[in-house]
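What follows is the residue order along each chain.
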Amino acid sequence: MAPKVPPQPSLEQSSTATAAGHGLAHAAPPKGILRWLLTTNHKEIGSLYLIFSLIMFFIGGIFALVVRAELYQPGMQLIQPEFFNQMTTMHGLIMVFAAVMPAFTGLANWMIPLQIGAPDMALPRLNNFSFWLLPVAFILLLSTLFMPGGGPNFGWTFYAPLSTTYAPPSTTIFILSLHIAGISSILGAINIIATILNMRAPGMRMMDMPLFVWTWLITSFLLIAVMPVLAGVITMMLMDINFGTSFFDAAGGGDPVLFQHLFWFFGHPEVYIMILPAFGIVSAIIPTFARKPLFGYASMVYATASIAILSFLVWAHHMFVVGLPLAATLFFMYTTMLIAVPTGVKVFNWITTLFRGSISFEPPMLFALAFVVLFTIGGFSGLMLAIAPADFQYHDTYFVVAHFHYVLVPGAVFAIMAGVYYWLPKWTGHYPHERLAQWHFWLSVIGVNLTFFPMHFSGLAGMPRRIPDYALQFADFNLVSSLGAFLFGFSQLLFVAVVILCVRGGRKAPAQAWDYAEDLEWTVPSPAPLHTFETPPTYQRPAH
Amino acid sequence: MSRIEMGNDDQRSAIRRTVWRSVAALVGMFAFAFALVPLYDVFCEVTGINGKVETSAQALVNEEIDDSRYVTVQFITRNGSGLPWRMDVETRQIRVHPGQSAEVNFTFNNQSDGVSWGRAVPSVSPSSATRHLRKVSCFCFDEQRLEAGERLELPLVFQLARDLPEEVNSVTLVYTLYPVETRKAQLQAGAKVLEGDEV
Amino acid sequence: MRTLLVWLAGALSLAGSSQAALASGWNMPVGVTDLSREIYNLHMTIFWICVVIGVIVFAVMFYSLIRYRHAKGAKAANFHENTTVEVIWTAIPLLILVGMAVPATATLKKMYDTSDAELDVMVTGQQWRWHYEYLGEDVAFTSNMSTPRAQIRGDEPFGENYLLEVDQPLVLPINRKVRFLFTADDVIHAWWVPDFAVKQDTIPGFINENWVRINEPGIYRGQCAELCGRDHAFMPIVVHAMEEDDFDTWLAERKEAAAEEALGVEREWQKEELMERGEAVYASICASCHQPDGEGSPPAFPALAGNQRMLEDREWHTNVIIDGVSGTAMPAFRSTLNPVELAAVVTYTRNAWGNDTGSEVQPSTIAQRLGQ
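Residues numbered from 1 in each chain as written. Chains lettered and ligands numbered in written order. Predicted model: local features only at pLDDT ≥ 70, side-chain atom pairs only at ≥ 80, totals over all residues.

### Quick look at the overall build of chain A
Phase 1: Scanning chain A from N- to C-terminus turns up 18 helices and zero strands.
Phase 2: A globule of 544 residues ought to have a C-alpha radius of gyration of about 24 Å, and chain A, at 23 Å, matches this closely.
Phase 3: Projecting the C-alpha coordinates of chain A onto the three principal axes gives extents of approximately 65 × 55 × 45 Å.
Phase 4: Per-residue burial for chain A yields a buried fraction of 67% across its 544 residues.
Phase 5: Put simply, of all contacts in chain A between residues at least 6 apart along the chain, 82% involve residues at least 24 apart. (Helix = DSSP H or I, 4+ residues; strand = E, 2+ residues; numbered from the N terminus. Rg over C-alpha atoms; globule rule 2.2 N^0.38 Å. Buried ≥ 20, exposed ≤ 12 C-beta atoms within 10 Å, placed from the backbone. Contact = placed C-beta atoms within 7 Å.)

Shown next, in the form of structure tokens:
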């Protein structure tokens, strides 16, 4: 399954090497491109994931800017509706499957072994394989844009029969690429579970694990539970398109609504797959910069687990207008509202952690604080959307677009950036450039709110989502959104600049890069050597 | 699965166990996705989601007719694309008492000069009525075959159960006529069927 | 940090003031039905609850951020657990949620009660138009967007109701309970009029219900709310709500017109008449896919100009229009167009854009083919 790898140093040799003495015991890795193609090192694979997701973040971002440019004013100026639909679809698919998910997997690869005191991931070669599936999947997916009939144009939710009977010929390629990306996430999840459950430092119990590790463990279970369902549903699509079955075709006795049930059975847990690790990152950063232990560690773990379990019971809140019976609508409304409880617990815990702390505002903290505020705003609109009668008005409008962008951009994406700023000293040995990072933060915060806040209004005023052109009363909101989107998009170039500068140099960081940070990763040198914890550390429970 | 390079033997076998359990869960979930298809049908029939109805005949239940109220039953016929048939119902609506059985005739007319297969897909609204509708006989249980120009009259025999919720005083039955794919119909008929008008 | 606080307060007050700014279209419309008003009130209630919670939570947060700054020499406390607080902030939200769920449940029950309707309208979504049928009244028509493509392209200035105007609006009476039956011919669409708070998916092969009782006469506009392909943005809904008497008159006129049109089937039509009528039908029904110049946009929508199979085989050509083609966007027009319109559009497409077959089809031939 895994590609051929160069001879590995034997266990006996490497287990004697200390973290600092890695250079002596290990054979020199292959040079150039081969080194990256064949690497089985969790840090290198983590970097590959992060670089890949950053590139995809920009590609998905360019698609979003094409969309926003067309929506800058009423009328069709730049592109055709067919291409507009391809852009919205590709933007969604790339951001979900190629930017946010791989970024979290990258952070997991880098940090989980460091945080639990493991020398590497449990299955290093599988790790290499699951990464390299990703470029294959997304080169395939992007290539559909150049095929006759164009790429997928049915939205990232690809509802049948628009995505089956009425889909462009490239849909089969789309399905193939999603299968490959799905296999990649599944393998990644198995690897993470195997690592966390079996490779913790002696003395580290489950309830000692940093929350980033906890949230990723729960996320991995979610991935294992729902990625196969996604695989199942796209396999059914493939069969409907190519082999004459009719799972989703009323003409053959199938049911288009079944597609939506299956999709959202995957799709809702998927939403949490994109946010739970973010909770973990924020729960690491806030105590560090408040110089105070995280409030309610145990309740954080239980809240995360409850959110994950509830995520299997709320899927049809995406489907309130498909004609569910009253009883089903009520059930899904109540379960969805319930999710506000554990989510609220998390927010309260973070804020109580800040209370009577000693707070400083380094770039990771800025992003984490913006996360708390803006994610909570997204949570409020989520609660409003849960109210089924009102959802009949909100459903499929820009209000929904505003909601999920608030939880995904200043939510998931800000948390990823917070994590990157937080761990860059560990990765590179240098602190990120403070002033540039501040600029990046403030421009991002302004950009993100200019882009998405007006969408609440345009949605409430009646603008449906996924339309390339709109009535005149929505013009002002869209103009502001488009300007904000370009501001946000271009300010991300600053992020790239900060990262590159940080890799090249900057203020030197010690092993303990942030004063109060107390997880195991801060016990290894900065930059972290290629091989760490080959002799397992003994876990010391914090004194408090 | 790739060889595990590090850790002691205990750890290695523990990892292997975790991996195999995960794989088993994976396979299970993949199978579960497909199992959801029939489960969904059952679920729909039980709860009446989406106006899905029993696709096979049910027995008439001998129960007292509720003379105290009438329910209007509407019949709507629709044509999906690709089938040169005309479908008519003898009456647009009838009024029945809950518990009473009724028969309504539908006519199908193949207006082309070739044989073809069709299927009427049923849907019922409101969904709360679905569970209380018993179809004793329906053309929608089977695919129909019509020769060129053939006209066929088929009955729908149904009964609204006595326990139909109070607030339901009108039930709509919609039948959408779809072509049965030529290839499939050929297999079933064991005969050569004229080529469909595919574009 | 203070900037963030100021900004946030600004944003919240902006959201709050939206109630006052109703007319300017910043908020959900109150609408013109009892239910839409109820939904609006529910929406505002939940919104204000969220605002209050938000203000409290963010106040504590920003107070902490300002008060306990490291730069000001704040010393961190060391507490990290308190079961009582945790129970309280689990229980209080739960109670608030129950408080929200009660009115929501009541409203939802009303929305689901479609019984005792006085008028049934069947709404069928098609790529990319709406078809309305007044059940039992023999009145049915198709409603297309009437905004000229030139406006969309920017060749003409925008009209007042840009993208929200149709050739034939749905006409409904006020003060009567109207039940909608929703379905679709091809993909899933969603019929949405914000002023009625009615949004329902139209699903091919399946039927959905919803209802409305309009309180005020007027013109209400909405749009398709479910992505349905290329012209998803261009299938608006316009409802003309009339006083009951006016509606009855209108319905009678429509019935009469339909009867008159049916008489037209009997007589022999001149080719010019058919061409003229056909051009109108083509423009409103066919042109959105097959393009005004008949060039189509292959592969999804084949060209009609110079289409060999179509020109050689009139029978086949007619059949495709009447019966549609399964698995494509070509619907069956057997019941959505009448024999005159069908004959006209067949004749038109056989003779327009250099398709000079010279052949024509009479409405009577079509009627016969339809078995009428």
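Don't stop here, the text continues.
### Overview of the confidence of the model for chain B
Residue and element names in this part refer to chain B.
Phase 1: In the predicted model, chain B carries a mean pLDDT of 79, and the fraction of residues at 70 or more is 81%.
Phase 2: This model gives residues 1-5 a pLDDT under 50, and the stretch forms 13 contacts once residues within four places in sequence are excluded.
Phase 3: pLDDT under 50 marks residues 185-199. Its contacts with residues more than four places away, or in other chains, come to 18 contacts.
Phase 4: Predicted as a complex, the structure gets a pTM of 0.91 and an ipTM equal to 0.90. (pLDDT = per-residue confidence, 0-100.)

### Let's talk about the interface of chain B and chain A
Phase 1: Counting residues at the interface gives 31 residues for chain B and 39 residues for chain A.
Phase 2: Sorting the residues of the side of chain B that touches chain A by element identifies helix H1 (9-47), helix H2 (127-130) and strand E9 (170-179) of chain B as the ones contributing at least two each.
Phase 3: With 16 residues, H1(B) is the largest single contributor of residues to the side of chain B that touches chain A.
Phase 4: Of the residues belonging to the side of chain B that touches chain A, the class tally is 17 nonpolar, twelve polar and two charged. (Nonpolar A, V, L, I, M, F, W, Y, C, P; charged D, E, K, R; others polar.)

### Observations regarding the environment of C:Ile188
Phase 1: Along the chain, C:Ile188 turns up in the loop between strand E5 (178-184) and strand E6 (189-193).
Phase 2: The class for C:Ile188 is buried, based on 24 C-beta atoms found within 10 Å.
Phase 3: When sequence neighbours within four positions are dropped, the list of residues in contact with C:Ile188 reads A:Tyr159, A:Leu162, A:Pro256, C:Asp201, C:Thr202, C:Ile203, C:Glu226 and C:Cys228.

### A look at helix H6 (residues 271-290) of chain C
Residues and elements named next belong to chain C.
Phase 1: Here H6 contains 20 residues, and its C-alpha end-to-end distance of 22 Å is more than 12% below the 28 Å for a straight helix at 1.5 Å per residue.
Phase 2: Largest kink in H6: about 50°, centred on alanine 283.
Phase 3: All buried positions along H6 are accounted for by Leu274, Arg277, Gly278, Val281, Tyr282, Ile285, Cys286, Ser288 and His290.
Phase 4: On the buried face of H6, the contacting elements are strand E3 (139-143) and helix H9 (339-351).
Phase 5: Phi turns positive one or two residues past the end of H6, at glutamine 291, with a value near 70°. (Expected span 1.5 Å × (residues − 1). Bend = angle between axes of the 7 residues up to and from the residue.)

### Looking at the nonpolar core
All names here are of chain A.
Phase 1: Counting 338 residues, the largest nonpolar core has Val100, Val233, Val282, Phe371 and Ala418 as its most contacted members.
Phase 2: Of all the elements, helix H16 (residues 398-428) adds the most residues to this core, at 22 residues.
Phase 3: Within the second largest apolar cluster, five residues are counted, among which are Tyr431, Ala509, Ala513 and Trp522. (Core = buried A, V, L, I, M, F, W, Y, C linked by C-beta atoms within 7 Å.)

### Remarks on the packing of helix H12 (residues 326-338) of chain A against helix H3 (residues 83-111) of chain C
Phase 1: Look at H12(A) against H3(C): their axes get within 11 Å of each other, and the N-to-C directions meet at 160°. Accordingly, the angle class assigned to the pair H12(A) and H3(C) is roughly antiparallel. With respect to the hand of their crossing, H12(A) and H3(C) are arranged in right-handed fashion. Residues A:Leu326, A:Thr329, A:Leu330, A:Met333, A:Tyr334 and A:Met337 of H12(A) touch H3(C), and the partners they reach there are C:Leu97, C:Met100, C:Ala101, C:Ala104, C:Thr105, C:Leu108 and C:Lys109.
Phase 2: Residues that form the contact of H12(A) with H3(C) fall into these classes: ten nonpolar, two polar and one charged. (Axes fitted to C-alpha atoms, helices over the stretch in contact; angles between N-to-C directions. Parallel < 35°, antiparallel > 145°, perpendicular 65-115°, else oblique. Left-handed = near helix turned anticlockwise from the far one by under 90°.)

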